Amino acid sequence: MSSSDKTLADRTYRQLRGDIVNGRLAAGSKLKLEGLAQDYEVGMSPLREALARLMGDLLVVSEGQRGFWVAPLSLDELDDVSRVRALIETEALNAAIRNGDAQWEREVTAAFDALAAVEEHLPHTSEALPPEQLETWEARNRAFHAALVSAAGSPMLIKLRALLYQQSERYRRVSLNVSRGWRNVHDEHRAIYDATMQRNALRACRMTELHLARTAEEVRKAMAALARDDDQVSGGKA
């Protein structure tokens, strides 16, 4: 692959990944190569390279010669991803608290402050967030959780955590894109941050486990609500 094709593949990979994670490309939908090439203004070679990378991220699946699909969402996978992410995230956080230096503390604090600046202005309602506010929150939430574990000292642990975070984000978007019960997520993040700065690894990991478990439960409720809505629509058409 030429350098220009590689650049196009990288760009297309990032665009497709973003569109899958945020739900613009629906879970389980067929990815038609001709349509993707036109929509993303890319040739077949870099497009196939991007799709191969997304398969490695578990965001795209392929069935032999039948083509490509956005990976489906399921409650079983949600439970599996949530359980494994909690194991990896707490292991990485524990290592980061043990290894982190003053620079790490400053980076975690900066990421928390940036996230808090958004969360302090989130509406105390059950309505879905406006798209622009949601994207800002997602970016700062991602940065905060990444900063927490950045001093873990294990590139493999960091990579696994990032992969699981990406999988979790797909599911979390389901609950954030529909009406939901109000939740004080800022207090949850504050509890994780405070325990981390106090170098209390046991409490920081426990707060992280509770935070992830609450998120998984919200997603479960949202997926169940969407399934009920689909059943009602199907029933109405019968």
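Structure shown above.
Fair warning: this is a prediction, and the values are worked out from it, not measured in the lab.

What counts and what doesn't
Residues numbered from 1 in each chain as written. Predicted model: local features only at pLDDT ≥ 70, side-chain atom pairs only at ≥ 80, totals over all residues. Heavy atoms only, no water. Helix = DSSP H or I, 4+ residues; strand = E, 2+ residues; numbered from the N terminus. Buried < 20%, exposed > 50% of the residue type's maximum accessible area, 1.4 Å probe, protein only. Salt bridge = Lys/Arg side-chain N within 4 Å of Asp/Glu carboxyl O. Expected span 1.5 Å × (residues − 1). Phe/Tyr/Trp six-rings, centres within 6.5 Å; stacked < 30°, edge-to-face > 60°. Axes fitted to C-alpha atoms, helices over the stretch in contact; angles between N-to-C directions. Parallel < 35°, antiparallel > 145°, perpendicular 65-115°, else oblique. Left-handed = near helix turned anticlockwise from the far one by under 90°. Contact = heavy atoms within 4.5 Å. Pairing = 2+ DSSP bridges.

1. Quick notes on the overall build of the protein chain
Stage number 1. The helix and strand inventory of the protein chain stands at nine helices and three strands.
Stage number 2. Ordered by position from the N terminus, the helices and strands of the protein chain form the series α-β-α-α-β-β-α-α-α-α-α-α.
Stage number 3. Across the 238 residues in the protein chain, those meeting the buried criterion constitute 42%.

2. Re the pattern of salt bridges
Stage number 1. Using the criterion set out here, one finds 16 salt bridges in the structure.
Stage number 2. In this structure, Glu 135 engages Arg 173 in a salt bridge whose closest nitrogen and oxygen atoms are separated by 2.8 Å. With Glu 135 in helix H6 (residues 131–149) and Arg 173 in helix H7 (residues 155–176), this pair connects stretches of sequence that are 38 residues apart.
Stage number 3. Residues Arg 190 and Asp 194 are paired through a salt bridge, measuring 3.3 Å at the closest nitrogen-oxygen approach. Of this pair, Arg 190 and Asp 194 both sit in helix H8 (residues 185–197), separated by four residues, roughly a single helical turn.
Stage number 4. Bridged by salt links that share partners, the residues Glu 135, Glu 138, Arg 142, Glu 169, Arg 172 and Arg 173 form one connected network.

3. Observations regarding helix H4 (residues 75–99)
Stage number 1. Given a rise of 1.5 Å per residue, 25 residues ought to cover 36 Å, and the 36 Å separating the end C-alpha atoms of H4 matches this to within 8%.
Stage number 2. Within H4, burial applies to Leu 78, Val 81, Arg 85, Ala 86, Ile 88, Glu 89, Thr 90, Ala 92, Leu 93, Ala 95, Ala 96 and Ile 97.

4. Remarks on the packing of aromatic side chains
Stage number 1. A complete count under the given rule lists two aromatic pairs for this structure.
Stage number 2. Ring centres 5.7 Å apart and planes at 55 degrees place the aromatic pair Phe 112 and Phe 144 in the tilted group. In this pair, Phe 112 sits in helix H5 (residues 102–119) while Phe 144 sits in helix H6, placing the two residues 32 residues apart along the sequence.
Stage number 3. On the numbers, 4.4 Å between centres and 5 degrees between planes, the contact of Phe 112 with Tyr 193 is stacked.

5. Overview of the packing of H5 against H8
Stage number 1. The interhelical angle for the contact between H5 and H8, taken along N-to-C directions, is 165 degrees, at an axis separation of 11 Å. Comparing the axis directions of H5 and H8 gives the class roughly antiparallel. The crossing of H5 and H8 is left-handed. Contacts between H5 and H8 involve Trp 104, Glu 105, Val 108, Thr 109, Phe 112, Leu 115, Ala 116 and Glu 119 from the former and Val 185, His 186, His 189, Arg 190, Tyr 193, Thr 196 and Met 197 from the latter.

6. Some words on the side chain of His 211
Stage number 1. Looking at the element boundaries, His 211 is found in helix H9 (residues 201–237).
Stage number 2. With a relative accessible area of 5%, His 211 lands in the buried category.
Stage number 3. Among residues more than four places away in sequence, those in contact with His 211 are His 145, Arg 183, Val 185, Glu 188, His 189 and Ile 192.

7. Some words on the environment of Ile 88
Stage number 1. Along the chain, Ile 88 turns up in helix H4.
Stage number 2. Ile 88 sits 70 residues away from Ile 158 along the chain, and the two C-alpha atoms are 8.8 Å apart.
Stage number 3. If sequence neighbours within four positions are ignored, Ile 88 has contacts with Leu 157, Leu 160, Arg 161 and Leu 164.

8. What about the sheet that holds strand E2 (residues 60–62)?
Strand-to-strand pairing in sheets goes through backbone hydrogen bonds, with the strands running parallel or antiparallel.
Stage number 1. Reading across from one edge, E1-E3-E2 is the order of the three strands in this open sheet, with antiparallel pairing throughout. Only two strands of the sheet have a single neighbouring strand rather than two, namely strand E1 (30–31) and E2.
Stage number 2. Across the sheet, helix H3 (residues 44–56) touches E1, E2 and strand E3 (68–70), and the angle it forms with E2 is around 105 degrees.

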